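Breakdown of the fold
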Amino acid sequence: MMLAGNISRAQVSEENIVEERNEDEVEDDTKLFHFNLQLKNMHLWKGLHVTDAPMTAVDLNYTSKNGFFKAGVWGGRGFNGDYTEFDYYVSFMHKGWSLAIWDINNYSDFPDAKIFDYDRSTTSHFVDVTLAYQFQKVPLKLSWSTIVQGRDTFINDDGQLRNAYSNYVEASYVILDKSNWSLSGLVGGSWSFAPQEAHFYGDEPGITNVGFIYNRDLNIFDKFTLPVSATASWNPVQDYGAIQVAFNLF
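Owing to the predicted nature of the structure, the values given are computational and were not obtained by experimental measurement.

1. Some words on the sheet that holds strand β1 (residues 33-40)
- Spatial ordering of the closed barrel is given by β1-β4-β5-β6-β7-β8-β9-β12-β13-β14-β15-β16, a layout of twelve strands whose pairing is antiparallel. Going across the sheet, the axis of each strand differs from the next one's by a mean of 20°, ignoring polarity.
- Relative to strand β5 (residues 69-78), strand β4 (residues 55-63) runs antiparallel, the two sharing nine bridges. Paired with A57 across the two strands is G76, which belongs to β5.

2. Structural notes on the pairing of β4
- Alternating positions in β4 separate cleanly, M55, A57, D59, N61 and T63 being buried on one face and T56, V58, L60 and Y62 remaining unburied on the opposite face.
- Two elements, β1 and β4, share eight bridges in a ladder whose sense is antiparallel. Bridging from a neighbouring strand, L37 pairs with V58 of β4.
- Linking β4 back to β5 in an antiparallel pair, the connection comprises five residues, with G67 at a positive phi of about 75°.

3. Description of the side chain of S91
- Looking at the secondary structure, you find S91 in strand β6 (residues 84-94).
- Residues in contact with S91, not counting those within four places in the same chain, are F68, F69, K70, L99 and A100.

4. Comments concerning a nonpolar patch on the surface
- A cluster of nonpolar side chains, contributed by F135, V138, L142, Y173, I175, L176, F212 and W234, occupies part of the molecular surface with about 700 Å² of accessible area.
- The element contributing the most residues to the nonpolar patch is strand β12 (residues 166-177), with three residues.
- The class for L176 is partly exposed, based on a relative accessible area of 34%.

5. Quick word on the environment of D128
- Looking at where D128 falls in the secondary structure, it is placed in strand β8 (residues 125-134).
- Remark: the alpha-carbon pair of D128 and I147, spanning 19 residues in sequence, is separated by 4.3 Å.
- Separated by 2.6 Å, the side chains of D128 and K46 make a polar contact.

6. Regarding the nonpolar core
- Ranked by size, the top nonpolar core spans six residues in total: L48, I104, F126, I147, Y168 and Y201.
- Those residues in contact with Y168 that sit more than four places away from it in its chain are K46, S143, W144, S145, G188, G189, S190, Y201, T208 and N209.

7. A look at the environment of H125
- Considering the arrangement of structural elements, one finds H125 in strand β8.
- By relative accessible area, which is 0% here, H125 ends up buried.
- Residues H125 and Q149 lie 24 residues apart in sequence; the distance between their C-alpha atoms is 8.2 Å.
- Not counting residues within four places of it along the chain, the set of residues in contact with H125 comprises Y88, D103, I104, N105, K114, I115, D117, Y118, G150 and R151.

Conventions and cut-offs
Residues numbered from 1 in each chain as written. Predicted model: local features only at pLDDT ≥ 70, side-chain atom pairs only at ≥ 80, totals over all residues. Heavy atoms only, no water. Pairing = 2+ DSSP bridges. Helix = DSSP H or I, 4+ residues; strand = E, 2+ residues; numbered from the N terminus. Axes fitted to C-alpha atoms, helices over the stretch in contact; angles between N-to-C directions. Buried < 20%, exposed > 50% of the residue type's maximum accessible area, 1.4 Å probe, protein only. Contact = heavy atoms within 4.5 Å. Patch = residues over 30% accessible without salt bridge, like charges linked within 9 Å, V, L, I, M, F, W, Y side chains within 5 Å. Areas by Shrake-Rupley, 256 points an atom, 1.4 Å probe, with all protein chains shown as cover. Salt bridge = Lys/Arg side-chain N within 4 Å of Asp/Glu carboxyl O. Polar contact = N/O pair within 3.5 Å; in protein donor to acceptor, adjacent residues only side chain to side chain. Core = buried A, V, L, I, M, F, W, Y, C linked by side-chain atoms within 4.5 Å.

Structure below.
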């Protein structure tokens with residue numbers, strides 16, 4: 001028996017299977033692109049107070065299906081208008097190892113900043129490269145970051161402006177990991193390869209970040225889950241501390 005239009009049931013079934021496969025492929029493709037929005041009471045980064053004002057952070061990225069490659073843009077904006085940042089990044093992950101390259105452009109204090117200005121004497125950019133390893137059998141992560149280009153500079157004995165190549169190393173450890181919350185501890189230190197004590201993170205080498213991070217999934221009216229984190233950070237070199245609270249809205 002033939003269906004209307006001289007199309008067999010076998011052909012219809014085959015077309016339905018193809019359509020379902022196409023829908024699955026479209027769905028998988030959409031999962032490769034991610035858009036996240038955070039709301040914070042302030043912004044901490046490697047022990048530095050980037051802004052003390054409430055702010056929003058947006059992350060738009062592409063992640064490969066196997067998770068090996070990720071690329072995106074990240075932006076932050078303070079509620080009072082004193083903080084603005086727009087970054088580009090790429091990262092690679094394989095068997096616990098990760099390599100991340102960030103072009104960080106915090107132009108809050110650069111009123112005449114140009115988006116593609118990379119001259120070390122005038123730029124608002126700096127390029128930060130991080131190599132990290134997450135141990136598989138213990139919840140320990142080690143990372144090393146070096147600023148390789150941009151406004152991380154010093155003046156040498158000949159009066160020339162040179163890159164300082166400031167470094168930040170960090171060890172973090174998950175102390176407790178429960179079903180809907182976790183507690184981690186971290187310690188980080190900073191120094192420069194330049195022949196001087198001052199570096200991007202402070203006026204002298206030393207411990208620039210000691211902290212704890214508490215993550216929790218809040219159940220809102222039994223309808224959706226809101227991930228929340230609280231970071232308590234102390235910076236002995238800068239002689240200050242702060243608590244950052246972040247809400248991952250989506």
